[in-house]
Amino acid sequence: EKSHHDIVAASSQKPSPTLLQSIGPILAASFCTAAIMYPLDLIRALKMANAGAKMSTAELLSNFRKAHGYTGFFTQGLVPELARSTWMRFIKFSLFPVVHV
């Protein structure tokens, strides 16, 4: 027979959210992750593109700004990165519960 503790513990367990209930939080987390990682990805890409050029990170960013302007940080990188990686991460994280059953 179940004890009072078992009955209370069983009644307090919440069911797992459905995919439709998870879409908003997963999209928000994916967007935030992409926005936070973008500056690091930009620096990595600039360093790789100029591997032989012995330039500091500040010099690379300054040259990028001179070539593309301040709007280039958004048009050349952030907006396409957010559009691409947000959906990529959304698909990845929304498939976790399906694949890892």
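Residues numbered from 1 in each chain as written. Predicted model: local features only at pLDDT ≥ 70, side-chain atom pairs only at ≥ 80, totals over all residues. Heavy atoms only, no water.

Engineer: Where do I start with the environment of P39 in this structure?
Structural biologist: Tracing the backbone shows P39 in helix α2 (residues 19-49). With relative accessibility at 40%, the residue P39 sits in the partly exposed group. Through-space distance from the C-alpha of P39 to that of G77 is 9.1 Å; in sequence the pair is 38 residues apart. (Helix = DSSP H or I, 4+ residues; strand = E, 2+ residues; numbered from the N terminus. Buried < 20%, exposed > 50% of the residue type's maximum accessible area, 1.4 Å probe, protein only.)

Engineer: What should I look at first to understand a nonpolar patch on the surface in this one?
Structural biologist: A cluster of nonpolar side chains, contributed by I91, L95, V98 and V99, occupies part of the molecular surface with about 380 Å² of accessible area. Assignment of secondary structure puts V98 in helix α3 (residues 57-99). For V98, a relative accessible area of 58% translates into the label exposed. (Patch = residues over 30% accessible without salt bridge, like charges linked within 9 Å, V, L, I, M, F, W, Y side chains within 5 Å. Areas by Shrake-Rupley, 256 points an atom, 1.4 Å probe, with all protein chains shown as cover. Salt bridge = Lys/Arg side-chain N within 4 Å of Asp/Glu carboxyl O.)

Engineer: It is not clear to me how the confidence of the model for the protein should be interpreted in this structure. Could you clarify?
Structural biologist: Atomic detail in the predicted coordinates should be set aside for any region of low pLDDT. This prediction gives the protein a mean pLDDT of 79; 83% of its residues lie at or above 70. The least confident element of the protein is helix α1 (residues 4-12), whose mean pLDDT is 60; the most confident is α2, at 83. (pLDDT = per-residue confidence, 0-100.)

Engineer: Would you explain unusual backbone geometry in this entry?
Structural biologist: Of all residues except glycine, most have a negative phi; of all peptide bonds, most are trans. For K54, which is not glycine, the phi torsion reads 35° and is therefore positive. Structurally, the position occupied by K54 is in the loop between α2 and α3. Here K54 falls in the exposed class, since its relative accessible area comes to 79%.

Engineer: Whenever I open this one, the nonpolar core confuses me. Can you help?
Structural biologist: Across soluble globular proteins, nonpolar side chains have a tendency to be buried as a group. Residues A34, Y38, L42, L46, L60, F64, F73, L78 and L82 constitute the largest nonpolar core, which totals 9 residues. Residue assignment for this core shows that the elements contributing at least two residues are α2 and α3. Top contributing element to this core by residue count: α3, with 5 residues. Residue contacts for L46: discarding those within four places in its chain leaves L60, L61 and F64. (Core = buried A, V, L, I, M, F, W, Y, C linked by side-chain atoms within 4.5 Å. Contact = heavy atoms within 4.5 Å.)

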